[in-house]
2 protein chains.
Amino acid sequence: MAVYTEVTDEELSAFLSAYELGQVLACKGIAEGVENSNYFLQTSAGSFILTLYEKRVREADLPFFLALMDHLSARGLTCPQPVHNRDGNALGRLAGRPAVIVTFLNGVSVKRPSARHCRAVGGALAELHEAGRDFSLKRANALSIDSWPALFAAAAGQADTVATGLAERTRRELSHLAGAWPTSLPTGVIHADLFTDNVFFLGDRLSGLIDFYFACTDALAYDLAICLNAWCFEPDGSFNLTKGQAMITGYEKVRRLEPKEAEALPTLCRGSALRFMLTRLVDWLNVPPGALVKPKDPLEYDRKLAFHRHVRSAAEYGLVR
Amino acid sequence: MAVYTEVTDEELSAFLSAYELGQVLACKGIAEGVENSNYFLQTSAGSFILTLYEKRVREADLPFFLALMDHLSARGLTCPQPVHNRDGNALGRLAGRPAVIVTFLNGVSVKRPSARHCRAVGGALAELHEAGRDFSLKRANALSIDSWPALFAAAAGQADTVATGLAERTRRELSHLAGAWPTSLPTGVIHADLFTDNVFFLGDRLSGLIDFYFACTDALAYDLAICLNAWCFEPDGSFNLTKGQAMITGYEKVRRLEPKEAEALPTLCRGSALRFMLTRLVDWLNVPPGALVKPKDPLEYDRKLAFHRHVRSAAEYGLVR
């Protein structure tokens, strides 16, 4: 949660002169997003988010993300909509960074989701998958199973300083998943990072999805596995079956899982838990001096992995057949 | 620039249930203010700033600050207006902190003020002084000349690690000011921290003043000296006489300086420069590990002090008589 790049009033005015957004009424750095600098921007034309992309987002990927938000918005999904300037470009440059203005979404993220929230998220995820069907651009998942051995190699030597046995557990998990990973599941656009921070609600009603900067082309059911991990565990580490059932039911109201997706769900949950454990572990071991962001606990996902290792079928996540 | 305290959606809902502000539409931590945690809060009733007071603001002082904002707003000054809840209280508690909701002000702060901006700030400062005339509460300036020896004592031993000779220069300055400090100037409510961050503009028009958390009862002309220091020096350290003249002229359009205030202005400028040098020096030498805020450079004010030491009369700041 930080603003990495400061934008002066003069830089902002120069940047906005290419847009039809009227007069600037307010511009405030907001503590949201760990990858980029975000500003709440109010102009006589409305409310917007101004994002400056920092080093962790590859500039070459931005056209994919922006086209995806345009595509999903056009299909009625509530997500930030890139604002195009007079030349038709959504992507500009500000304070030396790639920069984009998107529409502001109302809503508040929930810290402790209820089963109703989980159901709504399941539904929105399936709607995203359906809306993405005819999206023509592709982007490989940079954090797919192929990337995990290299992530682990970067952290293996120090893993046991975080928790005893973590290195060996992770090595066995990688080896298991390398053999068990499903390869012929339905694929399409996935969000790949739909944590509670990235879903807005107005009361119980889901009002929008944000932060598409991990979106990619991958197995649709893997996205559901990410959400089960992110939304359906309790703070004490236990899996809440009611929430899992609500999420899967919400998903299937829109898009029914194929038998092979259902069958693969335990493996996908293990994989997505491992993916977040690994990236968190690498971040945990590499906090730069003067970091503005507190790293997230990798062991939360190590514990989720331990749960998934004992799951035998998707019914244990709440799938009803 | 940071959000020190995170507020969950549940805590927020419970807090807002005491107010008549309708439904929450958005609540985002904003990177503004170094002393407190601030949230941009949008509800069906409008836009607000929610502030949680962190340890540097004394809770006992909050009634003074809130009453002052109420008082100044009622007299037509554009400043944040505290929102009172159904029980009539402006001050509440949220996430274990004293918390207040104030109205949101449109406007953008300028990084490199022009003479027009300086003139507008001078005028607004005088309007604040006039509007504060009949404000009944008093608050001693916790950072008045009486506090400077103790601040210096906290930093003296390490001062020369920041700049050679700083300790000795500062000691001499303290000694000079102890003898020269004016004691019978007109006093009243002063803002005491009217830096560029705390003044909003829409184009060239000043649209509001914010951050009254250093406000106190002290010499009115001292407030002008703070502003001359904060607004009228160039990045290269030179004093811009055109800006100084614009600021003083703007001030005097509303409130004419008395002869003794004019005479004291060079001493007041030295004192206010020393005050900011000292507080910055103490902060500079005491950056906590994991600090979210980059400390400000004390030497900027050491250099301003060097300029003021050669000033012989207020004419050198731009006062025309």
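Residues numbered from 1 in each chain as written. Chains lettered and ligands numbered in written order. Predicted model: local features only at pLDDT ≥ 70, side-chain atom pairs only at ≥ 80, totals over all residues.

1. Quick notes on the overall build of chain A
Turning to step 1, where the next piece is worked out: Scanning chain A for helices and strands turns up 9 helices and 9 strands.
Turning to step 2, where the next piece is worked out: The globule rule puts the C-alpha radius of gyration for 321 residues at 20 Å, and the 20 Å found for chain A is close to it.
Turning to step 3, where the next piece is worked out: Along the three orthogonal principal directions, the C-alpha set of chain A runs to about 60 × 45 × 35 Å.
Turning to step 4, where the next piece is worked out: Expressed as a percentage of its 321 residues, the buried residues of chain A come to 44%.
Turning to step 5, where the next piece is worked out: The contacts in chain A between residues at least 6 apart in sequence include a share of 72% that link residues at least 24 apart. (Helix = DSSP H or I, 4+ residues; strand = E, 2+ residues; numbered from the N terminus. Rg over C-alpha atoms; globule rule 2.2 N^0.38 Å. Buried ≥ 20, exposed ≤ 12 C-beta atoms within 10 Å, placed from the backbone. Contact = placed C-beta atoms within 7 Å.)

2. Examining the packing of helix H5 (residues 166-180) of chain A against helix H8 (residues 259-285) of chain A
All names here are of chain A.
Turning to step 1, where the next piece is worked out: For the pair H5 and H8, interaxial distance at closest approach is 11 Å and the crossing angle is 135 degrees. For the element pair H5 / H8, the angle class is oblique. Classified by chirality, the crossing of H8 by H5 is left-handed. Together, Glu 173, Leu 177 and Ala 180 of H5 and Thr 267, Arg 270, Gly 271 and Leu 274 of H8 make up the contact between the two elements.
Turning to step 2, where the next piece is worked out: Residue composition of the contact of H5 with H8, grouped by class: 3 nonpolar, 2 polar and 2 charged. (Axes fitted to C-alpha atoms, helices over the stretch in contact; angles between N-to-C directions. Parallel < 35°, antiparallel > 145°, perpendicular 65-115°, else oblique. Left-handed = near helix turned anticlockwise from the far one by under 90°. Nonpolar A, V, L, I, M, F, W, Y, C, P; charged D, E, K, R; others polar.)

3. Examining the domain arrangement of chain A
How large an interface is tends to be reported as the accessible area lost when its parts come together.
All names here are of chain A.
Turning to step 1, where the next piece is worked out: Domain parsing of chain A yields domain 1 (9-103) and domain 2 (115-317).
Turning to step 2, where the next piece is worked out: The C-alpha-based centres of domain 1 and domain 2 are spaced at 27 Å.
Turning to step 3, where the next piece is worked out: Across the contact, 17 residues belong to domain 1 and 17 residues belong to domain 2.
Turning to step 4, where the next piece is worked out: Class assignment of the residues belonging to the side of domain 1 that touches domain 2 gives a composition of 11 nonpolar, 3 polar and 3 charged. (Domains from an automatic or database assignment.)

4. Regarding the relation of the copies chain A and chain B
Turning to step 1, where the next piece is worked out: Superposition record for chain A on chain B: RMSD 0.0 Å, screw rotation 180 degrees, translation along axis 0.1 Å. The relationship between the two copies is best expressed as a two-fold rotation axis. Taking the C-alpha atom as reference, chain A places Ile 30 of chain A closest to the rotation axis, 2.0 Å from it.
Turning to step 2, where the next piece is worked out: Same-surface contact between copies: 100% of interface residues of chain A are shared with the interface of chain B. (Least-squares fit on C-alpha atoms with pLDDT ≥ 70 in both.)

5. Looking at helix H3 (residues 115-131) of chain B
Turning to step 1, where the next piece is worked out: With 17 residues, H3 of chain B ought to run about 24 Å at 1.5 Å a step, and its terminal C-alpha atoms sit 24 Å apart, in line with that.
Turning to step 2, where the next piece is worked out: For H3 of chain B, the buried fraction is high: 15 of the 17 residues fall into the buried class. (Expected span 1.5 Å × (residues − 1).)

6. Here we look at the pairing of strand S4 (residues 91-94) of chain A
Residue and element names in this part refer to chain A.
Turning to step 1, where the next piece is worked out: Of the strand pairs in this sheet, S4 and strand S5 (residues 97-103) are connected by 4 bridges, and their pairing is antiparallel. Paired with Arg 93 across the two strands is Pro 98, which belongs to S5.
Turning to step 2, where the next piece is worked out: Counting the residues that bridge the hairpin from S4 to S5 gives 2 residues, and of these Ala 95 lies at a positive phi of roughly 50 degrees. (Pairing = 2+ DSSP bridges.)

7. Digging into the packing of helix H4 (residues 148-162) of chain B against helix H8 (residues 259-285) of chain B
Residue and element names in this part refer to chain B.
Turning to step 1, where the next piece is worked out: Two elements in contact, H4 and H8, have axes separated by 9 Å at closest approach and are oriented at 60 degrees. In terms of orientation, H4 and H8 fall into the oblique class. The crossing of H4 and H8 is left-handed. Residues Trp 148, Leu 151, Phe 152, Ala 154, Ala 155, Gln 158, Ala 159 and Val 162 of H4 pack against Leu 274, Arg 275, Leu 278, Thr 279, Leu 281, Val 282, Trp 284 and Leu 285 of H8.
Turning to step 2, where the next piece is worked out: Looking at side-chain class alone, the contact of H4 with H8 contains 13 nonpolar, 2 polar and 1 charged residues.

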